[in-house]
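Descriptive analysis of the structure
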Amino acid sequence: MMAFGDLSLDAPHKPNKGHEGGACNRQSCQAEPALWFNHGTQQWYCADCRRDIQFDAFNLRDWTQQWQPRLGHPMFETREQIDARERLTEARRNYIPAPPQKSPSLIRILTKARRAHA
Ligand SMILES: [Zn+2]
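Sequence positions are assigned chain by chain, starting from 1 and proceeding in written order. The predicted nature of this model means local features are confined to residues of pLDDT at least 70 and side-chain atom pairs, given and counted, to a pLDDT of 80 or more, with totals for whole chains, interfaces and linings taken over all residues.

So, the overall build of the protein
Applicable threshold: For the purposes of this entry, the term helix denotes a DSSP run of H or I that reaches at least four residues, the term strand denotes a run of E that reaches at least two, and both are numbered from the N terminus. Residue burial is a threshold on neighbouring C-beta atoms within 10 Å of the residue's own C-beta, all placed from the backbone, with 20 or more meaning buried, 12 or fewer meaning exposed, and counts in between meaning partly exposed. C-beta atoms are first placed from the backbone for all residues, and any pair lying within 7 Å is then listed as a contact.
The helix and strand inventory of the protein stands at four helices and three strands. Along the protein, helices (α) and strands (β) appear in the sequence β-β-α-α-β-α-α when read from the amino end. Structurally, the protein occupies a C-alpha span of about 90 × 30 × 20 Å along its principal axes. With 118 residues in all, the protein has 19% of them scored as buried. Taking contacts inside the protein between residues at least 6 apart in sequence as the whole, the part at least 24 apart equals 29%.

Details of unusual backbone geometry
In this model, Glu32 is joined to Pro33 through a cis peptide bond whose omega is 0°. When you line up the elements, Pro33 lands in the segment before strand 1 (36–38). Positive phi is not limited to glycine here, since Gln30 has a value of about 55°. Structurally, the position occupied by Gln30 is in the segment before strand 1. Its identity is not glycine, yet Gln42 carries a phi of approximately 65°, on the positive side. Turning to its location among the elements, Gln42 is positioned in the loop between strand 1 and strand 2 (43–45).

Side note on the nonpolar core
Note the threshold: Residues enter a nonpolar core if they are buried, belong to Ala, Val, Leu, Ile, Met, Phe, Trp, Tyr or Cys, and are joined to the set through C-beta atoms within 7 Å.
Counting 15 residues, the largest nonpolar core has Cys24, Ala34, Trp36, Tyr45, Cys46 and Cys49 as its most contacted members. Ignoring any residue separated from it by four or fewer positions in sequence, one finds Tyr45 in contact with Cys24, Asn25, Arg26, Ala34, Trp36, Asn38, Arg50 and Ile53.

Structure below.
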């Protein structure tokens with residue numbers, strides 16, 4: 001597997017550059033497989049470049065302050081993480097709260113009241 005920096009900064013683009021499971025979107029890397037989706041660029045990256053980009057001091061601060069509160073997810077996610085988050089969002093959207101249950105003591109009070117009026 002190739003690591004970041006193996007290619008020149010003007011290396012030719014692989015046809016699958018930036019694609020899911022294809023070549024890393026960083027031009028000087030283009031290592032495979034690209035399994036990390038960058039929500040900023042909307043392209044896919046290899047694990048090494050994901051770590052470099054996400055945890056770069058400037059990027060991390062910018063994402064944490066500007067984007068994380070609004071979007072509710074980190075800058076990079078795997079397909080598995082994206083799917084799990086979307087399933088959770090969907091489940092929350094479809095959640096219907098159960099009607100409140102009467103407590104046993106309330107049931108006793110209501111039963112007595114009904115008898116008193118009978
Ligand atoms: Zn890379």
